[in-house]
Amino acid sequence: MPANAFNGRTDYGIGLGLRVPHYSHILEKKPVVGWFEIISENFMCDGGRPLEVLDRILEQYRVVQHGVSMYFGSADKPDREHLKRLKALVKRTNTPWLSDHLCWGSVDGTYTHDLLPMPYTLAAAKRTAAKIRRVRDFLEVPICVENVSSYAEFHVSEMTEWEFLSEVVERADCGILLDVNNIYVSSRNHGFNPYDYLNGVPHHRVGQMHIAGHTKFEKYLLDTHDHPVLDPVWKLYAEATRLCGVTATLLEWDDRIPSFDEVHDEALKANEFIADAKTARKKSPSPRSRAA
Amino acid sequence: MHRALVRPLAPGNRMQSRWTDGRPMADVVAEFIKPNDRLTAFDRLEIYNRMYWFRLIDSFYEDNPGLRAALGDRKFNQLAIAYLTKHPSRSFTLRNLCGQLETFIRREPRWTAPHTALALDIARFEWAQTVTFDEAMRPVLTAADFGRTDPSRLRLGLQPHVTLLALQHPVDTYVIAVKKRDSLRSEASNATTSARHAARTRKVARPRRERLWLAVHRVENRMYYKRLEAPAFKILVALRDGQPLVRAVAAAGRGVTPAQVQDWFALWMQLGWICRRK
Ligand SMILES: [Fe+2]
């Protein structure tokens, strides 16, 4: 959705992840960029270069916070100290919304630093939604939860991933960060139709989208963020945009990072697919289902 | 699933074939993970088991290049696995992954023997760099602040980003030499075969014993190492530990002139090391 309650009623367009190899280019050349997404955890420190760079970026650009360690799906209660640090950063960046993943990754305070898939059960959906609400109430900022790429499924699951995501966000009354690449990667790993996924989520809750590259192995796809976006993901993105409307979109490129201009050019390719989606939206405004 | 995920890998970076109770791992995993048409439940969990270890080991390597050079690859890798098995991450950020490494090396010297004393020095030095990189910078104390309080009661603080290290080896120059060699190596990966070979095989000699008092610190968000004289080091340690100014200066011992102390303080103030106590 262009501007909605879940992205703080903003209309941010196409953004890039703020990454260390690009710091000096950005600070010296000051390229025109819609917005930057930062990994919150990299700036939840007390000083030094990370905060110095962040403050200089904030003088020039709009910044949105993306987290990797809230683990809404972990049974652990959110750590109070962690939330306080995160809230201090929210005040510093003035992020209009904040995202983290629909996954688990910590047990009794031990962190895997991975985004692990959840069992898709009603009980898990209820618990996760309650945790999202608690975090949002503390941070006082809209939250979008992101679907992850996965390589395993559980016997105990009672529903599809998109039904689970929908259940969680409806119960938490929060937004979705729709990662189109993750949908594609998981669809290939688990044999579902990615367009069924797109059709199955509440479009009005989508506050942001992610696009990224992945790697094909013989027996599975791995979400590596070290490539340009692949064609089937662009197609899926166009359809997601047709269904949800033009939405704040971010290209994730986290490994084997090329020059700033190369990453930026790749992100701006999204405009072509946005144009396609706009045309398709005019022709067929009501959402329809499509085969992969 | 978590217990299976964090178990060390078997040789060849495979998931271990038996569970802790001796049952075949494939049977244990099949109880909770679904297979698909290409991968068994075991294969699917193995993807996560491998990613867990690769991620943590990568981070451990990145934080400890000097320790790796001093121990050699095989021993360093064994240390990494032993440490990470005992001390998995307890923080939301991998920045803190090596926070217990010094304690671990002390408790289990077999992983670093016969170079344990050197390994300890390097591990402390490399951890200090992590701390210095992003610790807080408190408001610096000014000369006016000095004037206001009676020196016998004045308690000064040391900036949190300053780490004081009393060492047995000159690890500052050693780690700098290792990093220089490593960056030459990565440059040489694009060079001719002979240049590449030369860069790969060049060894940095382990440092000999030599007492050293070092501060790892930040100026304008750049990291520096500063060697200190022993009495100056003692004053700073006393200040850091909350001793009032007069007692901290006394910690330097006899043979230190007031002029020396004044010069040191002038330098520390200039470097912004001295702050108000919280
Ligand atoms: Fe993503």
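Below: a short report on this structure. For clarity, every value in this text was computed on a predicted model and none was experimentally measured.

Section: the overall build of chain A
Okay, step 1: Within chain A, the secondary structure is distributed over 10 helices and 12 strands.
Okay, step 2: In summary, chain A has a C-alpha radius of gyration of 18 Å against a globular reference of 19 Å for 292 residues, a match within 12%.
Okay, step 3: Dimensions of chain A along its principal axes, counting C-alpha atoms only, are 50 × 45 × 40 Å.
Okay, step 4: Counting every position in chain A, which comprises 292 residues, the buried fraction comes to 61%.
Okay, step 5: Of all intrachain contacts in chain A linking residues separated by at least 6 positions in sequence, the fraction that spans at least 24 positions is 81%.
Okay, step 6: Accessible surface, chain A as shown: approximately 11500 Å² in total, 49% of it carbon and sulfur.

Digging into the interface of chain B and chain A
Okay, step 1: If you look at the interface, chain B gives 33 residues, while chain A gives 36 residues.
Okay, step 2: Of the roughly 3100 Å² buried between chain B and chain A, counting both surfaces, carbon and sulfur atoms make up 59%.
Okay, step 3: For the chain B face of the interface with chain A, the top three residues by lost area are B:Arg38, B:Tyr48 and B:Phe92, together amounting to 25%.
Okay, step 4: Counting every contact that joins chain B to chain A gives 2 salt bridges.

Digging into helix 5 (residues 161–172) of chain A
All names here are of chain A.
Okay, step 1: With 12 residues, helix 5 extends 16 Å from end C-alpha to end C-alpha; this agrees with the ideal 16 Å at 1.5 Å per step.
Okay, step 2: When we look at burial in helix 5, the residues that qualify are Glu 161, Trp 162, Phe 164, Leu 165, Ser 166, Val 168, Val 169 and Ala 172.
Okay, step 3: Lining the buried residues of helix 5 we find helix 4 (122–139), strand 7 (143–146), strand 8 (175–179), helix 6 (180–190) and helix 7 (194–200).
Okay, step 4: Backbone geometry just after helix 5 places Asp 173 at a positive phi near 50°.

Points about the nonpolar core
Okay, step 1: Within the largest apolar cluster, 104 residues are counted, with the highest numbers of intra-cluster contacts made by A:Phe36, A:Ile57, A:Phe164, A:Leu178 and A:Tyr237.
Okay, step 2: Considering each element in turn, this core owes the most residues, 8 residues, to helix 8 (residues 231–244) of chain A.
Okay, step 3: In contact with A:Leu178, other than residues within four places in its own chain, are A:Asn147, A:Ile183, A:Leu198, A:Val201, A:Val206, A:Gln208, A:Met209, A:His210 and A:Ala240.
Okay, step 4: In terms of nonpolar packing, the next biggest core, distinct from the first, is built from 37 residues, B:Leu84, B:Leu118, B:Ala123 and B:Leu212 among them.

As for the pattern of salt bridges
All names here are of chain B.
Okay, step 1: Summed over all chains, the structure comprises 30 salt bridges over all chains.
Okay, step 2: A salt bridge links Asp 134 to Arg 95; the shortest N-O distance between them is 2.8 Å. Remark: Arg 95 occurs in the loop between helix 5 (73–86) and helix 6 (101–107) and Asp 134 occurs in helix 7 (residues 116–134); sequence separation between them is 39 residues.
Okay, step 3: Accessibility expressed as a relative area gives 9% for Asp 134, which makes it buried.
Okay, step 4: Where Asp 241 meets Arg 240, a salt bridge forms, and the shortest distance between an N and an O atom there is 3.1 Å.
Okay, step 5: When its relative accessible area of 37% is taken as the criterion, Arg 240 is described as partly exposed.

Rules used in this analysis
- Residues numbered from 1 in each chain as written.
- Chains lettered and ligands numbered in written order.
- Predicted model: local features only at pLDDT ≥ 70, side-chain atom pairs only at ≥ 80, totals over all residues.
- Heavy atoms only, no water.
- Helix = DSSP H or I, 4+ residues; strand = E, 2+ residues; numbered from the N terminus.
- Rg over C-alpha atoms; globule rule 2.2 N^0.38 Å.
- Buried < 20%, exposed > 50% of the residue type's maximum accessible area, 1.4 Å probe, protein only.
- Contact = heavy atoms within 4.5 Å.
- Areas by Shrake-Rupley, 256 points an atom, 1.4 Å probe, with all protein chains shown as cover.
- Buried area = accessible area lost by both parts, 1.4 Å probe.
- Salt bridge = Lys/Arg side-chain N within 4 Å of Asp/Glu carboxyl O.
- Expected span 1.5 Å × (residues − 1).
- Core = buried A, V, L, I, M, F, W, Y, C linked by side-chain atoms within 4.5 Å.

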